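# Close look at the chain arrangement
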Amino acid sequence: MSKSRKELDAYRKARDFRKTPEPRGAGSRSKPSRRFVIQLHDASTLHYDFRLEVGGVLKSWAVPKGPSTDPREKRLAIATEDHPLEYAEFEGVIPEGEYGAGKVLVWDTGTYRSLSRDPGESGSGETMKSAIEDGHVSFWLDGKKLQGGFALTRIRKGRDKGSSEWLLVKMDDEKADARRNPTSTEPASVLSGRELSDLESNDS
Ligand code: MN
């Protein structure tokens with residue numbers, strides 16, 4: 001519990017919770033299945049925030065082009081600060097002047113399971129955590145838009161812990177589909193059906 005709180009220091013330091021509608025993060029809520037969420041974030045540059053529930057927080061990467069279902073497409077993913085689990089349901093507008101100001105939609109969400117090799121303790125969060133620390137992690141997504149295996153591989157360590165560069169790639173399995181292009185054909189929120197243009201700047 002206190003561990004999650006410490007991991008959220010960078011997240012909280014960057015934000016003024018009297019001004020932004022984003023959750024402060026009360027702590028970890030434990031659930032048997034682990035969640036993932038991909039949020040479309042229209043900030044200074046449009047990007048997708050890819051988040052995996054690991055060890056009571058959402059491990060996060062900013063993916064400028066978003067995920068692809070084509071295994072030949074490698075998408076740059078920049079590691080960002082851990083977010084609270086409650087963030088998985090956040091949709092709304094971060095006010096101007098605040099960190100990450102702009103509109104946020106829940107573009108996809110669901111559960112995932114680790115595909116990373118497990119040296120003993122099966123199903124534990126430790127496998128995901130150590131795989132991320134080692135710079136290579138693979139997992140199976142069961143989302144509304146995305147399904148199947150994906151891998152994240154670190155290609156460059158950042159100056160600080162939070163800005164390393166990774167590649168997000170669809171694994172070549174039965175859910176791979178080079179003809180799908182969900183980031184352009186399926187822009188709506190899976191929670192509300194809204195698109196970015198449906199969110200008002202003063203809405204939260
Ligand atoms: Mn973002």
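The structure presented is a predicted model; accordingly, all values stated were derived computationally and were not measured.

## What to know about the coordination of the manganese ion
Protein coordination at the manganese ion comes from H41 (ND1), H47 (NE2) and D49 (OD), with a distance range of 2.1 to 2.3 Å. Sequence spacing among the residues donating to the manganese ion works out to H-x5-H-x1-D. For the residue pair H47 and D49, the accessibility class agrees, reading buried in each case.

## Regarding the layout of surface pockets
Approximately 300 Å³ is the volume attributed to the second largest pocket. Taken together, 18 residues make up the lining of the second largest pocket; nearest its centre are H41, H47, D49, Y99 and G100. Residues that form the lining of the second largest pocket fall into these classes: six nonpolar, seven polar and five charged.

## Observations concerning the pairing of strand β4 (residues 74-83)
Working note: regular strand, side chains alternate between the two faces of the sheet. Bridging between strand β3 (residues 57-63) and β4 involves four bridges; their strand directions are antiparallel. Bridge assignment links W61 to a residue of β4, and that residue is A79. One ladder, built from five bridges, connects β4 with strand β9 (residues 165-170); its direction is antiparallel. Across the sheet, L76 pairs through a bridge with L167, a residue of β9.

How each quantity is defined
- Residues numbered from 1 in each chain as written.
- Predicted model: local features only at pLDDT ≥ 70, side-chain atom pairs only at ≥ 80, totals over all residues.
- Heavy atoms only, no water.
- Donors = N, O, S within 2.8 Å, 3.2 Å for Na, K, Ca; no water.
- Buried < 20%, exposed > 50% of the residue type's maximum accessible area, 1.4 Å probe, protein only.
- 1 Å grid on protein atoms, 1.4 Å probe; cavity = no way out; pocket = protein on both sides within 12 Å on 5 of 7 lines; lining within 4 Å.
- Points joined across faces, edges and corners; volume = space filled by probe spheres on them.
- Nonpolar A, V, L, I, M, F, W, Y, C, P; charged D, E, K, R; others polar.
- Pairing = 2+ DSSP bridges.
- Helix = DSSP H or I, 4+ residues; strand = E, 2+ residues; numbered from the N terminus.

Fair warning: the whole summary comes from geometry, so function is off the table for now.
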